[in-house]
Structure formats: C-alpha cells, structure tokens
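What follows is each chain in one-letter form.
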Amino acid sequence: MSQATRTSERQSHDPPTLARDMEWTRSGDDLFVRLDPGEEIHASLQALADTVGFDAAAITSGIGRTRDSTYGYMDDDHVYHRVNIAEGAELVTLQGNLARRENGEAFTHLHATFSDDELKPHAGHLFSAIVHVVAEIHLRLLTEAIMTRCPLVDSEFVALTFG
C-alpha cells in the first residue's frame, strides 16, 4: 500500500545533488535524456544544462519510475507543503522549465504526476525524485530567451524574470 507522508515546515527549495550516468541526444533545439537508477531528476537536468551549455529550456515531457519522490504545493502564504512517496511510483507526467539563477547556477522548476502501485495519482510541484528504473525526458532549448530565477521577499518561491 502506498504511503505518502506530509510535511509543512519551511525548507530549502534546492533538491539533493546527484547526477551519475545520464545519456542524451540532441536534434536541433531538442534534447532527449535518459536517466538511470539512482539519479536525481533536478540535479541531472541542471548538470545537463552545464554540460551542454544552455541557459533556458522548456521541459515538455517526462515519464519513468521513481522512488523517494517529494512533491507538494505552495499555499497562499507562500509556504511549500511537501508529500513524500518513499517506494517506487510511475512518473506519469513531468513538465516545467530551466533557467539560471542570478549567480549563474542552473535552476529547474518542475511539476509532476505520479501513480502509485494502486494507480492512485499524486501531483504537484516536484521538489526531488530519484530514478528507480528509468526516466525519459524531453527538453526544448530556448536559445534566444533570457530567463533568470530570482527569490521573492517573504516567499519560498523563486520567480522567473525575462530580459
């Protein structure tokens, strides 16, 4: 039986860092990535941005199977609430974007839908997820876009700015 645990205290938005064996291919401005067991999704996509050398991308789709998946939502007071699925779950959808922070670090903003082994959906802002079997993710590079992530005062949200 699936066991999702909830937490609601303020925490860092940054996911754990772990990137090992990903492989990727490029066709024009499209990248297709395969992540392997043990790789964390955010850290892997951020490392890919540094390796390939891009500053902005739309993450248009992702599927696979993950574990230790933490997702949640932001309430009206700008506080994130987290839910964790420790065991394996299907990654049914993944989408979001990648931009750079003001200091140049890659930053991913992702939302995901998971399905547990009873086919119960779980969805929200993705804080972290470790690949359990595989993750296959498509990115569209935004080669002309200038996008920056900047923290908001009194908020856990890191806003997207253009220009």
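About the thresholds
- In every chain, residue numbers begin from 1 and rise along the written sequence.
- Given that the model is predicted, a residue must reach a pLDDT of at least 70 before its local features are reported, and side-chain atom pairs must reach 80 or more before they are shown or counted; all residues, however, enter totals for whole chains, interfaces and linings.
- Where side-chain values are given, they derive from all heavy atoms of the structure, hydrogens and water being excluded.
- For this analysis, a salt bridge means a side-chain nitrogen from Lys or Arg found within 4 Å of a carboxyl oxygen belonging to Asp or Glu.
- Numbering goes from the N terminus for both helices and strands, where a helix is a DSSP run of H or I of at least four residues and a strand is a run of E of at least two.
- Any residue under 20% of the maximum accessible area for its type is buried, any over 50% is exposed, and the rest in between are partly exposed; the area is computed with a 1.4 Å probe on protein chains only.
- Two strands pair under a simple rule: DSSP has to find at least two bridges between them.
- Identification of polar contacts relies on pairs of N or O atoms within 3.5 Å, with a donor-acceptor requirement for protein atoms, meaning one able to donate a hydrogen and the other able to accept it, and with residues adjacent in sequence counted only if both atoms are side-chain atoms.
- Multiplying 1.5 Å by the helix residue count minus one yields the expected span of that helix.
- Pairs of residues are marked as contacts when any of their non-hydrogen atoms sit within 4.5 Å.

### Quick notes on the pattern of salt bridges
And step 1. Taken as a whole and judged by the stated rule, the model has nine salt bridges.
And step 2. Between R34 and E23 there is a salt bridge, and its shortest N-O distance comes to 2.7 Å. Here E23 lies in strand β2 (residues 23–27) and R34 lies in strand β3 (residues 30–35), a separation of eleven residues in the sequence.
And step 3. Residue class for R34 comes out partly exposed when judged on its relative accessible area of 30%.
And step 4. Take E23: its relative accessible area is 46%, and that puts it in the partly exposed class.

### Details of the pairing of strand β4 (residues 57–74)
And step 1. Inspection of the sheet shows β4 paired to strand β6 (residues 89–101) by six bridges, in the antiparallel sense. In the sheet register, R65 faces β6, and the bridge partner there is E90.
And step 2. Direction of pairing for β4 relative to strand β8 (residues 121–141): antiparallel, over a ladder of 13 bridges. Across the sheet, G72 pairs through a bridge with H125, a residue of β8.
And step 3. Between β4 and strand β5 (residues 80–85), which pair antiparallel in sequence order, lie five residues; one of them, H78, sits at a positive phi of approximately 65°.

### Section: the side chain of S155
And step 1. Inspection of the secondary structure puts S155 in the loop between β9 (147–151) and β10 (158–162).
And step 2. Within the structure, the side chain of S155 is placed 2.7 Å from the side chain of H78, a separation counted as a polar contact.
And step 3. A distance of 2.9 Å separates the side chain of S155 from the backbone nitrogen of F157, its partner in a polar contact.

### What about helix α1 (residues 41–52)?
And step 1. Under the 1.5 Å per step criterion, the end-to-end length of α1 is 16 Å for twelve residues, consistent within 8% with the ideal 16 Å.
And step 2. Along α1, the residues classified as buried are I41, H42, A43, S44, L45, Q46, L48 and A49.
And step 3. Contacts made by the buried residues of α1 are with β2, β3, β4, β6, β7 (106–115) and β8.
And step 4. Backbone nitrogen of H42 and a side-chain oxygen of the N-cap are separated by 2.8 Å at the start of α1; the cap is E40.

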